[in-house]
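Structural features, examined
Now for the letters of each chain:
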Amino acid sequence: MMKRLLSVSIFSIFIGGCQLNNVIADNAIADNTPKYPEYIQSGQTLPLTSIENVDGETVDLANPKKQKLVILFATWCSDSNRALKALNDSPLLDDENIEVVAIAREESTEQVIKWRDENGIKVPLAVDPDRKIYSQFAQGGIPRMITVTQDNKIIKMNLAEGENQLELIEWL
């Protein structure tokens, strides 16, 4: 009888803990607390000055003449696909005052080129095969859209899940 009572009590604690975690997660979303831990904040300097794209060209992320839009993504992620296809069709790619680059995490150059070609993506792409770049920004969650000023200060980083992702982009 005592063992059964103890088992029921332990089970109740575990069930209660799961429900509490869901309440905490729901409250975190409701009060704009990030879904995943983030390691950069608005106003900080972008921790990346340049990157080589999948075509072997250097993308200058320290250019003081341009604002920057950095997207952290994965080719297998449906939200990332939606965001990059929307960006593909947006006027942002034609804006001479904005440097755009999308960085695929934990993927090879060959994988990203194949995905780009199959999907007709025009967004400049780079790779972060070992997640060294991504880990400077957040623990999890993709796609992430990071807007940056001409003097390389982060304006905003958004976890761009769901629909209408380009509406999350904020400029000063």
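Residues numbered from 1 in each chain as written. Predicted model: local features only at pLDDT ≥ 70, side-chain atom pairs only at ≥ 80, totals over all residues. Heavy atoms only, no water.

A separate point is the layout of surface pockets. The computed volume of the largest pocket comes to approximately 500 Å³. Around the largest pocket, the lining is made up of 18 residues, and of these Asn32, Glu38, Met157, Asn158 and Leu159 lie nearest the centre. With five residues, strand E7 (residues 154-159) is the single largest residue contributor to the lining of the largest pocket. Each residue belonging to the lining of the largest pocket can be placed in one class, and the counts come to eight nonpolar, five polar and five charged. Taken together, 15 residues make up the lining of the second largest pocket; nearest its centre are Leu93, Ile98, Glu99, Val100 and Pro124. (1 Å grid on protein atoms, 1.4 Å probe; cavity = no way out; pocket = protein on both sides within 12 Å on 5 of 7 lines; lining within 4 Å. Points joined across faces, edges and corners; volume = space filled by probe spheres on them. Helix = DSSP H or I, 4+ residues; strand = E, 2+ residues; numbered from the N terminus. Nonpolar A, V, L, I, M, F, W, Y, C, P; charged D, E, K, R; others polar.)

In this section: the confidence of the model for the protein. Chain-level pLDDT for the protein is 85 on average; 82% of the residues reach the 70-or-more range. Confidence over residues 4-29 falls short of pLDDT 50; this stretch has one contact with residues more than four positions distant or in other chains. (pLDDT = per-residue confidence, 0-100. Contact = heavy atoms within 4.5 Å.)

Attention shifts here to the pattern of salt bridges. Side chains bearing opposite charge may pair, as long as their charged atoms lie close to each other. One pass over the full model with this rule turns up 11 salt bridges. Salt-bridge contacts for Lys66 lead to Glu99; the nearest nitrogen and oxygen are separated by 3.6 Å. Within this pair, whereas Lys66 is found in the loop between strand E2 (58-60) and strand E3 (67-73), its partner Glu99 is found in strand E4 (residues 98-105), the two being separated by 33 residues in sequence. For Arg116, the salt bridge goes to Asp117, with nearest N and O atoms at 3.1 Å. Look at Arg116 and you get buried, because its relative accessible area is 16%. (Salt bridge = Lys/Arg side-chain N within 4 Å of Asp/Glu carboxyl O. Buried < 20%, exposed > 50% of the residue type's maximum accessible area, 1.4 Å probe, protein only.)

Turning next to the pairing of strand E6 (residues 144-148). For E6, the buried fraction is high: five of the five residues fall into the buried class. A two-sided burial pattern is seen for E6, the buried positions comprising Arg144, Ile146 and Val148 on one face and Met145 and Thr147 on the other. Here E6 runs beside E7; their pairing, made up of five bridges, is antiparallel. Paired with Thr147 across the two strands is Lys156, which belongs to E7. Connecting E6 to the antiparallel partner E7 that follows it, the hairpin turn spans five residues, and Asn152 within it adopts a positive phi of roughly 65°. (Pairing = 2+ DSSP bridges.)

Once that is clear, we can look at the nonpolar core. If you look at the biggest cluster of nonpolar residues, it comprises 22 residues, and the most contacted ones within it are Leu46, Ile103 and Ile146. Of all the secondary-structure elements, those providing two or more residues to this core are E3, E4, E6 and E7. Excluding its chain neighbours within four sequence positions, the residues that come into contact with Ile146 are Leu46, Lys68, Leu69, Val70, Leu72, Phe137, Ile154, Lys156 and Met157. (Core = buried A, V, L, I, M, F, W, Y, C linked by side-chain atoms within 4.5 Å.)

Let's shift gears to the packing of aromatic side chains. Taken as a whole, this structure holds one aromatic pair when the rule is applied. Centroid distance Phe73 to Trp115: 5.5 Å. Interplanar angle 40°. Geometry classified as tilted. Within this pair, whereas Phe73 is found in strand E3, its partner Trp115 is found in helix H3 (residues 109-119), the two being separated by 42 residues in sequence. For the pair Phe73 and Trp115, a shared accessibility class is recorded, and that class is buried. Just above the ring of Tyr134 sits the side chain of Arg105; from NZ or CZ to the centre is 4.6 Å. (Phe/Tyr/Trp six-rings, centres within 6.5 Å; stacked < 30°, edge-to-face > 60°. Lys NZ or Arg CZ within 6 Å of the ring centre and 35° of its normal.)

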